[in-house]
Amino acid sequence: MLDFSRPTALPEALALLAEHRPLILAGGTDLFPATERAGLSGRVLSIDRIAGLCGITETDAGLRIGAATPWAEIARHPGPPGWAALAEAAVEVGGRQIQSRGTIGGNLCNASPAADGVPPLLALEAEVELASAQATRRLPLAEFLTGPRRTALQPGELMTAIHLPADALRDRSRFLKLGARSHLVISIAMVAVRVRVGAGRIAEAALAVGACGPVAARLPEVEAALIGASPAEAPDRIDPATVAAALAPLDDIRATAAYRGDAAAVLLRRALADLPDEGTT
Amino acid sequence: MKDAAAPSLAFTLNGQPVSFDADPRRRLSDLLRESGASRGTKVGCDAGDCGACTVLVDGAPVCACLTACGQVEGAEVLTVEGLAEAGRLSRLQSAFLRHGAAQCGICTPGMLVAASALLADVPRPSEAQAQAALGGVLCRCTGYRKIIAAVCDAWREDVADPAPEPGAAVGARLRRLDGPDKVTGAERFGADDWPESALLLKAVRSPHPHARFRFGDLAEFASRPGVAVVLTAADVPGRNRFGVIPPFADQPALAESPARFRGEAVALVGFEPGADPDLTGFPISWEALPDLSDPVAAQAEDAPLLHHDRPGNRMIRGYTRRGDARAALADSAFSVEGCFETPFIEHAYIEPEAGSAWLDGDTLVIRACTQAPVMDRDDCALVLGLPPERVRILPTGVGGGFGSKLDLSVQPLLGLAVLKTGRPVRMVYSRRESLQASTKRHPSRITARIGCDAEGHVTAMQFHGIFDTGAYASWGPTVANRVPVHASGPYRTPNIEVEAWAVHTNGPVAGAFRGFGVPQAAIAQELLYDRLADAAGLDRLEFRLRNAFRDGDTTGSGQVLAATGIHDCLSALREPWTKALADAARANAADGGAALRGVGVASCWYGCGNTALPNPSTIRVGLTAAGELVLHQGATDIGQGANTVITQICADALGLPVSDFRRIGPDTARTPDAGKTSASRQTYVTGRAAAAAGAALRREVLRLANAGDGARLRLEDGALIVEDGAVRRIELAALPEDARGYALSAEESYDPPTQPLDADGQGVPYAVYGYGAQMVELEVDPALGKVRLLNIVAAHDLGRAINPLLAEGQIEGGIAQGIGLAMMEEYRPGRTENLHDYLIPTIGDVPPVRSILIEKPDPEGPFGARGLGEHVLIPTAPAILNAIRHASGAELTRLPALPHRVLAALRRAGK
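Residues numbered from 1 in each chain as written. Chains lettered and ligands numbered in written order. Predicted model: local features only at pLDDT ≥ 70, side-chain atom pairs only at ≥ 80, totals over all residues. Heavy atoms only, no water.

Participant: An account of empty space enclosed by the protein is requested, with residue identities and associated values reported.
Facilitator: All names here are of chain B. Summed over the entire model, instances satisfying the criterion amount to 11 cavities of 30 Å³ or more. Reported here for the largest cavity is a volume of approximately 550 Å³. Along the wall of the largest cavity there are 37 residues; nearest its centre are Gln640, Ser680, Gln810, Leu868 and Gly869. Only helix 17 (642–654), helix 18 (682–705) and helix 19 (804–823) provide two or more residues apiece to the lining of the largest cavity. Class assignment for the residues of the lining of the largest cavity results in 17 nonpolar, 15 polar and five charged. Three or more residues apiece are contributed to the lining of the largest cavity by two domains, here domain 3 (548–610 + 760–908) and domain 4 (617–750). Of the pockets and cavities examined, the second largest cavity occupies roughly 260 Å³. What lines the second largest cavity is a set of 23 residues, and nearest its centre among them are Gln251, Leu408, Ser409, Tyr429 and Ala437. For the lining of the second largest cavity, a count of residues per class yields 12 nonpolar, six polar and five charged. (1 Å grid on protein atoms, 1.4 Å probe; cavity = no way out; pocket = protein on both sides within 12 Å on 5 of 7 lines; lining within 4 Å. Points joined across faces, edges and corners; volume = space filled by probe spheres on them. Helix = DSSP H or I, 4+ residues; strand = E, 2+ residues; numbered from the N terminus. Nonpolar A, V, L, I, M, F, W, Y, C, P; charged D, E, K, R; others polar. Domains from an automatic or database assignment.)

Participant: Help me get a handle on helix 20 (residues 876–888) of chain B, residues and values and all.
Facilitator: All names here are of chain B. The end-to-end C-alpha distance of helix 20, which contains 13 residues, comes to 18 Å, matching closely the 18 Å that a straight helix rising 1.5 Å per residue would cover. With respect to burial, helix 20 is a largely interior element, 12 of its 13 residues being buried. Of the residues making up helix 20, those classed as buried are Thr876, Ala877, Pro878, Ala879, Ile880, Leu881, Asn882, Ala883, Ile884, Arg885, Ala887 and Ser888. Just downstream of helix 20 lies glycine 889, where phi reads positive at about 85°. (Expected span 1.5 Å × (residues − 1). Buried < 20%, exposed > 50% of the residue type's maximum accessible area, 1.4 Å probe, protein only.)

Participant: I'd like a rundown of the packing of helix 14 (residues 540–547) of chain B against helix 16 (residues 574–591) of chain B, residues and numbers included.
Facilitator: Residue and element names in this part refer to chain B. In the contact formed by helix 14 and helix 16, the axes pass within 10 Å of each other and the chain directions differ by 155°. Considered as vectors, helix 14 and helix 16 are oriented roughly antiparallel to each other. Along the contact surface, helix 14 presents Arg540, Leu541, Glu542 and Leu545, while helix 16 presents Arg574, Trp577 and Leu581. Taken together, the residues of the contact of helix 14 with helix 16 sort by class into four nonpolar, no polar and three charged. (Axes fitted to C-alpha atoms, helices over the stretch in contact; angles between N-to-C directions. Parallel < 35°, antiparallel > 145°, perpendicular 65-115°, else oblique. Contact = heavy atoms within 4.5 Å.)

Participant: So what about the sheet that holds strand 26 (residues 712–716) of chain B? Which residues, and what values?
Facilitator: All names here are of chain B. What the three strands build is an open sheet, ordered 26-27-28; its pairing is antiparallel. Sheet topology places strand 26 and strand 28 (726–731) at the edges, where each strand pairs with a single neighbour. Neighbour-to-neighbour, the strand axes of the sheet open up by a mean angle of 25°, direction not taken into account. Pairing of strand 26 with strand 27 (residues 719–724), which is carried by five bridges, proceeds in the antiparallel orientation. Looking across to strand 27, one finds that leucine 713 is bridged to valine 722. (Pairing = 2+ DSSP bridges.)

Participant: Give me the interface of chain A and chain B: which residues, what numbers.
Facilitator: Listed by partner, the interface residues are 48 residues for chain A and 56 residues for chain B. Buried surface at the junction of chain A and chain B, both sides included, amounts to about 4,300 Å², of which 55% is carbon and sulfur. Contact with chain B buries surface across chain A, with Gln97, Arg181 and Ile253 of chain A losing the most and accounting together for 19% of the total. For the pair chain A and chain B, the interface holds seven salt bridges. Across the pair aspartate 262 of chain A and arginine 907 of chain B runs a salt bridge, and its minimum N-O distance is 2.9 Å. At the junction of chain A with chain B, the criterion picks out 27 residue pairs in polar contact (both at pLDDT 80 or more). Those elements giving two or more residues to the side of chain A that touches chain B turn out to be strand 3 (44–46), helix 4 (96–101) and helix 11 (257–273) of chain A. No other element matches the six residues that helix 11 of chain A contributes to the side of chain A that touches chain B. Of the residues in the side of chain A that touches chain B, the class split is 21 nonpolar, 15 polar and 12 charged. (Buried area = accessible area lost by both parts, 1.4 Å probe. Salt bridge = Lys/Arg side-chain N within 4 Å of Asp/Glu carboxyl O. Polar contact = N/O pair within 3.5 Å; in protein donor to acceptor, adjacent residues only side chain to side chain.)

Participant: Please provide a residue-by-residue account of the domain arrangement of chain A, values included.
Facilitator: Partitioning chain A into structural domains gives domain 1 (1–48) and domain 2 (169–273). For domain 1 of chain A versus domain 2 of chain A, the distance between C-alpha centres works out to 36 Å.

Participant: Help me get a handle on the sheet that holds strand 5 (residues 62–66) of chain A, residues and values and all.
Facilitator: Strand pairing in a sheet takes place through backbone hydrogen bonds and is either antiparallel or parallel in direction. All names here are of chain A. Pairing is antiparallel in the open sheet, where five strands are placed in the order 4-5-10-6-7. The strands lining the two open edges of the sheet, one partner per strand, are strand 4 (56–58) and strand 7 (136–140). For this sheet, the mean inter-axis angle between neighbouring strands, taken without regard to orientation, is 25°. Relative to strand 5, strand 4 is paired through three bridges, and the arrangement is antiparallel.

Participant: Describe the nonpolar core, naming the residues involved and giving the relevant values.
Facilitator: If you look at the biggest cluster of nonpolar residues, it comprises 196 residues, and the most contacted ones within it are Phe96, Val151, Leu778 and Ile884 of chain B. Ranked by residues supplied to this core, first place goes to helix 13 (residues 518–536) of chain B with 11 residues. Grouped together as the second largest cluster of nonpolar side chains are 68 residues, Ile98, Val118, Val128 and Leu130 of chain A included. (Core = buried A, V, L, I, M, F, W, Y, C linked by side-chain atoms within 4.5 Å.)

In C-alpha cells, the structure reads:
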C-alpha cells in the first residue's frame, strides 16, 4: 500500500489492514500528540472517509454510532434521555477543536483510564463492533477495555461502530466531570449514571466511574443499593465506603487516591440528585 | 518530514485553490508554515493542548497540528490570513483591537479563527457561548476577559476613535499601534521567518537531572545523510558560561559532563533543509548520578556541590534588618507564624523559544524572540568569542515572555552553528524542550512571624525564605535581593528582619518570572495578615488600611517614601469589600452549606527597575529631511504595550500626534539600548528617556523657530509648522544632516536614581514604587474542595495611566497568572512537560475583573507614571487564599490549591 491510504469503502480498508497492519488514523487527536515529529511514520490508514463509519443511525435494537463519528456530532445529536450522559461527555472531550476531529471509536481504542467517553458508554451498556477481513464481532465495552491503554482489539481488526441498546437509551442519565480547571482538563474523577424508574421506584441503575482506576468501572454493589429507592432517596443510598472499595485510584499530580474515592461518591450523589425528569431529552 | 516523491495534495485555502507536493501524513500546521502558505497559523504545542494552530476545515475548528494533510484533500481550509476581506479587517479583527484583546498576539490567530466559527453560527453570542467556543485556545497574556468582550461585541461595525490631539496622547485609550499585524497573522515571531537554505538545529538534552555523559562516534553521526554538523561544548569558541548577572555567569551553552538538570543541552545537530531532524541513535551514553531536588537537603554538609565555589550550594543571601524584630515580636500584643511552600511555576508563553541566524558580512545576525536584546548581544559575544559589535540582535515579535525570555535560549546555539558552518540556521524549541530548558519561578519555602499591638498596628516581622534556584544562577540573585526589600508588603513594619537564600539543586533553572520572588513572599505576608487581623479583632481590610504606607513612612530598607498609593488602592476597595462581605454572609445563610462563599483581599508594592543597580534606557527620535518622524524604540514589546506607550509619551513630550511616528526597532544595530523588558521598568525608565528625547527635540524645534513653550507643532509636506501666534515653517530638507542622519534629532537617557544597599539592606533600592490591592469573591465546594471564582476587583496605583486600555490588559493578565499560581500550576520535571499536565487557566477560569486605576502621580515617573506589569500578579494568589479561608476556614500553606488540598485543609479546619 501507499504510505497513506484513505479508502471510502470498508472492505478496502479491512483488506489493507489485513495485509499491511498500518497505523489506523481517525481524528489524529491521540496519534499526533504522541510524536514530536512533523508527521506520522509508517503506513497510515485514514478511516475518516469510510462509508458507514461516521454518523448516528437508529437501528431495531437502539442506536448505532459509527466508530469514526467525531464528538462534535455526538454533542449535536438530539438523542433520547439516556443519550444525555454521552452528549454531556462529548463537550468535555478537549475543546471544540478536539471535538471536531476526535472520534468516539478513537477514544475507546486509545483506552486512557481518563477517557471521557467510557463512563457514559459503560452506563449505557454499550457494545463495540469490531470488523476484520474475515469476520465481524461484537463485544460489551467492559470486555473490550482490558486495561490502561489495552484493549481486546486484535491485529487486523477495526472498530466500526458502537451500539447502544434502546432500553438504556430511554432511561434518565447524567455525566459529571471534575478537573482542576474549566476547559481542556484531564479528569480527576468523572461519573456517568443511568437510572430506570418504574412506579416511582428505581428499577435499574447503572453507575460508572472514570479516572479512578486502571479502567473506568461500573459499580454493581452500589447500583444494587439503589434498587427500590425513590429517585429522591437515591443520592443518600450512595455509600462512600462501598464506592471507594470498588475503585482502584492512584495518587498522581492531579489528586490523591483517597480524594478520588471521596470525590467519586460525591459526584455520583450529585449526578443522581440532578437527573433530568424522565422523558426530557 | 520528506516530501520526496510525495503525491500531490489539493485543497482550498482561504478561498483559493492550492496544491502541494506534500506527504499526506504530515501535520497540516507544518505544511502551512513550512510552505509559507500560512505562517499566521502558530504552533504552541504540537499536541492539541493550546489551540494556537486552530484553522477551520469545512467550517469546523480543528488543530492543524493534529490534522494530517491527507485528510484535508478537497476540503476548504480557512486560516487567520483569510479573515480580512479585500484588505479590510473583519469586524471581529477590529473588535480585538478596539478591546485590547491581543497582547503578544501569539494566540490571536487561533482565537480569531475559533471565534469566527462561533460567529458564523451565532452572530451575537453570549459570554457563555464565547467561553465554550474558545475553551480550546490558551492565552497567557490577556486573562481572556477582553477576548470575551471582543467576541461578544464583534457584531458591531467598527468606528475608529478620533485621534487624540497633539499633546493629548497620554491618557488616551489608544489601540495598540502594533496591533493590526497581530490580528491579520502578519506579525512575525521567532519561528516565523528564516533565510532560505537554513539548517534546522536540534539539541540533544539530558534525560536525567544529574548525569555524566560520554559521546561515541560523533563523526559517524555527522556523516549521516541530512546531518550537516554536530556540535558540543568543545566547539564553543568563547567562554562557555553565560548568565544574566555577569558575576554569577555559570550556565554553559552546551554542557560539559555532568549535566546538571533534566533537559540541559549537551550537543547540537544541524540538519539540512528538508531532512528529517531525527536524533535517534545519537552517540551518547549516560550515567545517572544522585540528584539534589530539595533545597534544604542541598545545604547539608555532605551534599555534593553543583558549583564548587558555592559552599552548601548556597548561591546568595539577601538580607534586610531594621530595628529589633525579635524583641518587638516578644513584646507584641498579638503575633502569628506560618510556613508556606510554593512549587516551580512555568511561564507557559504560547510561543516556544525560536529564532534564526546568519552572517551579514562580518556580523553575526541573530533574529530571535527576546526580552533583552543588548544583554543577548553581549552574552552571545562572550560565549562565541566575538566583539559585541560583531553581533547584531534582531528581536522578533515575542509570543509572551513574563521574564523567561530575558535569559538566553536559542541565541548562542544559533550563533555557534552559524560560526561553525558559515551557513544560515534556525531553531525552534518543542513545547517539551521549552518546558524543560526554560527558567521557572523559584519554588519557595518561607517561614514568617508578624506581630501587632493591641490596636492592630504592625510591630515587627521576621522572615526566612529558601528559594530553589535550580542548577544555574540566572536571576536567583535578583530574587534574593528583591524579596527582603518587599517582604513587609506595602505596610509600616518598624522592626523587620528578612533573610532570603537562593540555593542550588538539580531542578530546572529558576529565574525571572513576573515579580522576582515577591509574589511568593506576599503569599506568606498577606496570609499572616488575615490571621493577625482576626487575632486583633479587626476587619481584614481595615487592618491593612491601618498599616498601609503613608507619605513620609520609612520602609524596611530605611527609604522614606513619597507619593505612596497603597492607601488610595485599599480605600477604593472599601465599598466593594463591604458589599461583598454582606453578599457572602447572605449567600451562606441562604444556601445551607452547599457552597461556602468568601471574600479575600491582598496588596502589593513593587519597586520599578533594578534593585539598587543602574539600568539606564536611551531613546532617539528624529525628523528626516522628508519630514518623517522616526522613533528608535529599543524597548522590546512582549505584549505589554511598550511600542504604544513609549510612542504616546514621546509624542506628548514633543507635541506631535502619535500617528506621525514611524517606529524603528528594537534592533541592536539601529536602536540605542533601552534595557531589558523586566522589573516593570519600561513605562517608567524608557518612558522617562522617551519624554526627555521628545522634549529635547521640541526645544530644538522651538529654538530654530524662535517660538515660545506653548507653540503648536505639525508636520506638513516635508516641513515642520510651528504656530505660536505667528506661523513659522521649518523646511526640513533645507537643514544639514546631523550626526545621526536626521534633519533634527535628539537622543536622551535616563537612569533611576537609587543608592546601594548596605550589609543590613539599608539604602534606596528603587526610585519609584507602584502599589495595588485586589479583592476576590469566590465559592468553595465543601464536599469536593473545588473553588469557583466569582469576581475580582483590582485597584492599582499606576501614577498616570498612559494608556488605560493597555493598563487594564496588564491587570487582567496578571490576575490570570495569579489564579494559576494559586489554584493549578506546579511544574514537575519529567512529569508535567506538556500543556495538559502543566495546567494554566483557560477562558473559563478567569472571572469578571473590575479594574480601578488610581492615578497618584509619581514625581519621578514620566507624566507621573509608575510601572505596573509585575505588580498586578502579586496580590491575586494571596487574595484567593484568604478568600478560601474566609469562606471555609481552610488554611492552605502549600500551593497550588488543588481540590484535594483544599478538601484536606477544610477537614483540618474541622469543616
